[in-house]
Amino acid sequence: MSALTNISLIGFMGSGKTTVGRLLANRLKFNFIDIDRVVEDRAGMKIWKIFEKYGEEYFRILESQVIKEVLGMANNTVIACGGGVVLREDNVNTLRKNSIVVYLRISVDEAYKRLKDCSDRPLLSIDDKLIAISKLLRIREPLYLRAADKVVDVDGKTPEEVVDCIIKLLPADVIRNVRTC
Ligand code: S3P
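Residues numbered from 1 in each chain as written. Predicted model: local features only at pLDDT ≥ 70, side-chain atom pairs only at ≥ 80, totals over all residues. Heavy atoms only, no water.

### Section: the site of the ligand
Our working rule: Any residue with a non-hydrogen atom lying within 4 Å of a molecule or strand is treated as near it. The term polar contact refers here to a pair of N or O atoms within 3.5 Å; inside protein, the definition further demands a hydrogen-donor-capable atom paired with an acceptor-capable atom, and it admits residues adjacent in sequence only when both atoms are side-chain atoms. Only the protein chains shown count as cover for residues, with accessible areas throughout obtained via the Shrake-Rupley method and a probe of 1.4 Å. Lining residues are defined by having an atom within 4 Å of a point belonging to a cavity or pocket. Those points lie on a 1 Å grid over the protein atoms alone, cavities being sets where a 1.4 Å probe fits but cannot get out and pockets being open sets with protein on both sides within 12 Å along at least five of seven lines. A pocket or cavity is taken to hold a molecule when more than half of that molecule's atoms are within 2 Å of the pocket's grid points. In this count, Pro and Cys sit with the nonpolar residues alongside Ala, Val, Leu, Ile, Met, Phe, Trp and Tyr, while Asp, Glu, Lys and Arg are called charged and the others, Gly among them, polar.
Taken together, 13 residues lie around the ligand, and Lys 17, Asp 36, Arg 60, Arg 121 and Arg 140 are the ones closest in. In the environment of the ligand, an oxygen atom lies 3.3 Å from a nitrogen or oxygen atom belonging to the backbone of Gly 84. At 2.7 Å from an oxygen atom of the ligand is found a side-chain nitrogen or oxygen belonging to Arg 121. Coverage of the ligand by the protein amounts to 94% of the 390 Å² it exposes when considered alone. If you map the ligand onto the pockets, it falls in the largest pocket. In terms of residue class, the shell around the ligand is made up of five nonpolar, three polar and five charged.

### Digging into the layout of surface pockets
Applicable threshold: Grid points are joined across faces, edges and corners, and a volume is the space filled by probe spheres set on the points. Elements are defined by DSSP. Helices are runs of H or I of four residues or more, strands are runs of E of two residues or more, and each kind is numbered from the N terminus.
Its volume calculated, the largest pocket comes out at about 650 Å³. Around the largest pocket sit 34 residues that line it, and Met 13, Gly 14, Lys 17, Asp 36 and Arg 121 are the ones nearest its centre. Counting residues per element, the ones that place at least two in the lining of the largest pocket are helix H1 (17–28), helix H2 (35–43), helix H3 (47–54), helix H4 (56–73) and helix H8 (159–169). When residues in the lining of the largest pocket are grouped by element, the largest group, four residues, is from H1. Partitioning the lining of the largest pocket into residue classes produces twelve nonpolar, nine polar and 13 charged.

### Details of the pattern of salt bridges
For clarity, the threshold we go by: The term salt bridge refers to a pairing of a side-chain nitrogen on Lys or Arg with a carboxyl oxygen on Asp or Glu at a separation within 4 Å. Only protein chains enter the accessibility calculation, which uses a 1.4 Å probe; a residue is then buried when its area is under 20% of its type maximum, exposed when over 50%, and partly exposed in between.
Enumeration over the complete set of coordinates arrives at 16 salt bridges. Lys 49 is the salt-bridge partner of Glu 52, the closest N and O atoms lying 3.3 Å from each other. Residue Glu 52 and its partner Lys 49 are both found in helix H3; the two are separated by three residues, about one turn of the helix. Under the relative-accessibility criterion, Lys 49 is labelled partly exposed at 30%. A salt bridge links Arg 105 to Asp 153; its shortest N-O distance comes to 2.6 Å.

### Here we look at the packing of H1 against H8
To describe two helices that pack against each other, one gives the angle between their axes and the distance between the axes. So the rule is basically this: Under this scheme, a helix contributes an axis fitted over its contacting stretch, all axes are lines through C-alpha atoms, and angles between N-to-C directions fall in the 0 to 180 degree range. Here the word oblique covers every angle except those under 35 degrees (roughly parallel), over 145 (roughly antiparallel) and from 65 to 115 (roughly perpendicular). The hand of a helix crossing depends on one turn: near helix anticlockwise from the far one by less than a right angle means left-handed, and clockwise means right-handed. When checking whether two residues touch, look at their non-hydrogen atoms; a contact exists if any pair is within 4.5 Å.
It is the contact of H1 with H8, at a shortest axis distance of 9 Å, that shows an interaxial angle of 55 degrees. One way to sum up the angle between H1 and H8 is to call them oblique. As for the relative orientation of H1 and H8, their crossing is right-handed in sense. On H8, the residues that touch Thr 19, Val 20, Leu 23, Leu 24, Arg 27 and Leu 28 of H1 are Pro 159, Glu 160, Val 162, Val 163, Asp 164, Ile 166 and Ile 167. Of the residues that constitute the contact of H1 with H8, the class distribution is nine nonpolar, one polar and three charged.

This is the structure we're talking about:
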């Protein structure tokens with residue numbers, strides 16, 4: 001962690017990184033950046049289209065470039081990362097060097113509940129989403145934990161409750177601007 005004040009949210013698809021990230025940024029009076037949206041802007045197409053046209057590896061290269069650029073410039077910013085950001089050690093080093101990394105941990109069952117009807121996640125565009133989620137999460141759980149400075153369980157919590165949990169875990173100098181409810 002550096003003297004810069006950034007918070008990166010990592011976690012599985014459906015864990016609420018974007019929704020929670022926006023709310024958290026609002027509470028802290030921070031900027032908000034969603035890495036997936038920056039990747040889409042760069043590529044000029046949606047993530048599912050990048051996967052379809054160029055494949056996952058191409059997406060991962062773009063994702064890593066964007067992580068480096070965004071984290072290299074960010075200050076007082078909440079960054080919502082894509083669920084696969086922890087697959088590259090390089091990304092994790094960049095996140096850890098430039099931000100407090102918060103892992104939004106979700107269970108397989110809760111992720112399935114939230115994602116069963118989604119059609120825009122290329123890694124889940126197979127018939128048995130439950131199996132896909134449990135396989136991916138089993139592989140990724142140790143990577144998320146290794147990358148994280150803080151862990152917040154999101155099952156059964158509203159986005160606002162998750163934000164409250166995150167704020168309680170942050171160092172005092174980061175939360176000096178937080179609005180009290
Ligand atoms: C991915 C998660 C997605 C997106 C891409 C790959 C993953 O982001 O980056 O589809 O590998 O878990 P969200 O976690 O925001 O859905």
